[in-house]
Each structure stands twice: as structure tokens, then as C-alpha cells.
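Commentary on secondary and tertiary structure
Letter by letter, the chains look like this.
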Amino acid sequence: MNPIKIAVVGVGSISRAHIESYRATPETELYAFCDINETRLRYMGEKYGITRLYTDEAQMLAELPEIEAVSVCTWNSAHAPCSIMALNAGKHVLCEKPMATNVADAVAMKEAAEKSGKLLMIGFVRRFGRDCFLVRDLIRNGSLGEIYYSKAVNIRRNGNPGGWFGEKSRSGGGPLIDLGVHSIDLVRYLMGMPDAVSVYGTTFCKLGDRRNIKTPKKYVASSRTDHDVCDCEDLASALIRFDNGAVLSVEMSFALNTADETNNIQLFGTSAGVKMDGGVTLFGETDGYLTDTAFDGKTGLDFDEAFRREVGHFAACIRGKETCINTADDGIALMKILTAIYRSAEEGHEVTL
Ligand SMILES: NC(=O)c1ccc[n+]([C@@H]2O[C@H](COP(=O)([O-])OP(=O)(O)OC[C@H]3O[C@@H](n4cnc5c(N)ncnc54)[C@H](O)[C@@H]3O)[C@@H](O)[C@H]2O)c1
């Protein structure tokens with residue numbers, strides 16, 4: 001069978017993970033790039049030896065009907081228009097997370113996929129991490145017992161990437177939609193996809209993007225400039241209650257005066273708890289003694305490998321060999337949770353879904 005011809009729309013930072021993964025996937029052929037930033041487009045074309053370069057997605061789709069699938073790696077507000085355009089042209093789409101910046105756009109994307117009969121897969125890449133496979137196994141085998149509480153924390157002290165990440169009209173929000181989307185999705189996935197029934201959220205916009213701070217930033221958007229607008233939250237916290245009775249506590253920041261820069265997920269069960277912080281540790285008890293079990297390093301998160309698996313799954317789904325696990329419905333469910341948290345923060349009370 002001929003390899004699947006792939007176009008990448010938006011060739012900024014994260015596109016490299018998609019591009020490298022397609023290069024490593026024999027079922028796919030990197031075929032064309034599209035970006036509204038012509039300088040970046042030419043640079044990436046040269047770097048990866050791609051000569052079909054477009055600044056306009058519609059023109060690319062019209063001139064290259066042989067394209068079979070598209071990776072959408074644009075900033076968040078362009079996910080919906082770029083995905084819908086590709087779906088309407090009969091292409092399969094792998095869209096980066098978050099699915100969109102609001103629920104209506106996410107639903108419109110799903111409708112476009114249904115109308116075209118093409119695959120719309122959402123880039124929840126953490127589901128393809130080795131740590132996720134391990135913890136899923138532990139949960140399936142009953143090692144955790146009943147999971148009734150969970151906690152996801154991704155706290156950056158000075159980590160607003162700038163560029164579009166801080167600008168609400170292009171990002172849809174700050175650390176909650178950017179980082180929280182990964183954690184909330186992973187917790188739901190590990191817990192067997194319970195539905196959220198209510199959320200209580202708070203957001204704060206106090207420190208901005210710390211553009212005058214002299215300490216170097218860890219995360220810098222490729223599109224960062226000295227004139228960036230920063231109008232998103234820099235801290236978000238929320239409690240999410242699920243229909244199985246479990247609760248997830250979320251804390252996400254781009255900027256916070258804290259000593260604890262942390263990025264981890266913990267699930268607390270009746271038999272044991274588990275912490276995912278790159279590696280995986282199980283906290284349980286044996287014969288009346290508390291035990292900490294650290295798993296072999298090879299079970300930890302490797303992002304490059306996770307992206308290769310994600311892209312491999314996308315290709316296998318297109319060829320009918322696998323059934324998509326990152327569905328449009330999952331993306332919509334996440335958008336509903338995220339927007340409910342923002343609404344709760346704005347209105348100052350719990351929001352039911
Ligand atoms: N899965 C992950 O772990 C992960 C990590 C980082 C970023 N992301 C997601 O990937 C996406 C891109 O993030 P990034 O860091 O690469 O941003 P980036 O700014 O580096 O790249 C985005 C690119 O999209 C281009 N673009 C915007 N609108 C376009 C349009 N209509 N047509 C063509 N090109 C367009 C921009 O010019 C830019 O080059 C975001 O949605 C982000 O949330 C995911």
C-alpha cells in the first residue's frame with residue numbers, strides 16, 4: 001500500500017515532534033508544509049527537505065488533492081478552522097491539544113468529521129506514554145483498588161512561554177487550557193473516562209508573563225516578541241467531581257511565587273496510590289508496613305516516543321488497522337470541563353455540567 005501523504009499545518013515548535021514521528025513511521029510520507037509565517041515555513045522546508053510549501057491551507061488542499069491526512073499544529077484558535085477546512089476537503093486530521101478554544105468550535109469539528117467520514121484524532125499524547133501504559137495496567141489489575149481522589153499539579157514559577165500562549169484570543173486561556181488539558185485528560189483516561197458532573201474553579205491573573213524578570217525562562221514560544229499581549233490567567237486551580245464519585249484537584253501555573261516547581265499526577269486508591277512525575281511510584285502497604293515501590297526507569301515518560309506512538313496510531317487508524325482512542329468526543333468532553341472551570345472562576349460558584 002502507498003504511504004499516507006501527510007501535510008503539516010503550522011510548522012512551529014511542536015510540529016517538529018509530529019514531523020520526526022512521521023519520518024519514523026514507514027506508513028506515512030511527509031509531503032507538504034503550510035504556515036502563515038513564511039520565514040518559518042521556508043526554514044522548516046529546508047530543514048526537512050520539503051519543497052511543497054504553502055502559506056495558505058486552502059490553496060495547498062486545492063493544489064495537492066493527493067494529500068491524505070493533515071496534522072494541525074497551529075495555535076489553539078486556528079485548530080477549528082484549519083481542521084474543518086481539511087476535513088471538508090476529505091482529509092484525515094490529527095489535531096493538537098486542546099481540541100479548540102471553546103465547545104462550539106469543538107462540536108463543529110466533530111460534525112465536519114462525521115460529514116466527511118474522515119478521522120479526527122485529538123493529540124492527547126500523554127495517553128501514549130510508557131508511564132500511562134504502566135499505570136493503566138496497575139489499575140486494570142486492581143492494584144490501586146477504588147480510586148476516589150486524584151491530584152494534578154503543573155506549577156511553573158516563571159514559565160509563561162509568551163507569544164500566543166498568553167494571548168487569550170489565540171490560546172483560549174493560560175496554563176489551564178495549555179497544561180491542564182493534558183493532566184485532566186490523562187486522569188480521566190486512567191480512571192476509565194468518567195464524566196465530569198461539576199467543577200469549582202479559580203483563576204488569577206496577577207503576575208502576567210514576567211517579561212521584565214532577569215531570570216531566564218524555561219519555556220519560550222517560538223513566536224515570542226517584546227510586544228506580546230498577556231491577558232490570560234497565570235494560575236488556575238479547580239476541583240472536578242466525576243460521576244463515579246471521584247474528585248480531581250488541579251493546580252496549573254505559568255507564573256507563581258513558589259519554592260515548589262512541580263509537575264506530577266497522583267491517583268489515590270483504597271489499596272494503593274500512584275505518583276507519575278516522569279517516573280512512576282506506587283505507595284501501598286504490605287503486612288502492615290507502608291511501602292514505596294519505584295518502577296524501572298524504562299517505564300517512565302518519554303515524550304519523543306509518545307509522539308511516535310501517537311502518529312503510528314493515527315496512521316494505523318487511517319489504514320483501518322486500529323480504532324482511534326483519542327476521539328473527537330474526548331476532545332469535546334475536555335473542552336466542556338475547561339470552559340466550565342473558566343466559567344466557575346468568573347462567576348465565583350460551582351458549575352454543573
Ligand atoms: N502535545 C504537546 O505536548 C504540545 C506541546 C506544545 C504545544 N502543543 C500544541 O501545539 C500547538 C502549537 O504550539 P507551538 O508551541 O508549536 O506553537 P508555535 O507558535 O511554535 O507554532 C504554531 C505555528 O502555527 C502557525 N499558524 C497559526 N495559524 C495558522 C494558520 N491558520 N495556518 C497555518 N499556520 C498557522 C504559526 O505561524 C506558527 O508557526 C498548540 O495548539 C499547542 O497547544 C502541544
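Here's a quick rundown of the structure. (Residues numbered from 1 in each chain as written. Predicted model: local features only at pLDDT ≥ 70, side-chain atom pairs only at ≥ 80, totals over all residues. Heavy atoms only, no water.)

Moving on, we get to the sheet that holds strand E13 (residues 280-286). Pairing is mixed across the open sheet formed by nine strands, whose spatial order is E14-E13-E12-E11-E7-E10-E9-E8-E15. For this open sheet the edge positions go to strand E14 (289-294) and strand E15 (351-352), each flanked by a neighbour on one side alone. Summarising the sheet, strand E9 (residues 235-242) and strand E10 (residues 247-253) pair through seven bridges and their orientation is antiparallel. Paired with Ala-236 across the two strands is Met-252, which belongs to E10. The sheet strands contacting helix H6 (residues 130-140) are strand E7 (147-155), strand E11 (263-269), strand E12 (273-276) and E13, and the helix crosses E12 at an angle near 175°. Sitting on the sheet, helix H10 (residues 328-347) is in contact with strand E8 (196-204), E9 and E15, with an inclination near 55° to E8. (Pairing = 2+ DSSP bridges. Helix = DSSP H or I, 4+ residues; strand = E, 2+ residues; numbered from the N terminus. Contact = heavy atoms within 4.5 Å. Axes fitted to C-alpha atoms, helices over the stretch in contact; angles between N-to-C directions.)

With respect to spatial proximity, 27 residues lie near the ligand, and among them Asp-35, Arg-40, Asn-76, His-79 and Ser-222 are the closest. At 2.8 Å from an oxygen atom of the ligand is found a main-chain nitrogen or oxygen belonging to Ile-14. Here an oxygen atom of the ligand sits 2.6 Å away from a polar atom, N or O, in the side chain of Asn-76. Looking at the shell around the ligand residue by residue, the classes come out as twelve nonpolar, ten polar and five charged. (Near = heavy atom within 4 Å. Polar contact = N/O pair within 3.5 Å; in protein donor to acceptor, adjacent residues only side chain to side chain. Nonpolar A, V, L, I, M, F, W, Y, C, P; charged D, E, K, R; others polar.)

The next subject is the side chain of Asn-160. Along the chain, Asn-160 turns up in the loop between E7 and helix H7 (168-171). Beyond its immediate chain neighbours, meaning those up to four positions away, Asn-160 contacts Gly-166, Gly-208, Asp-209, Lys-217, Tyr-219, Cys-230 and Phe-254.

These results come straight from atomic positions and should not be treated as a statement about function.
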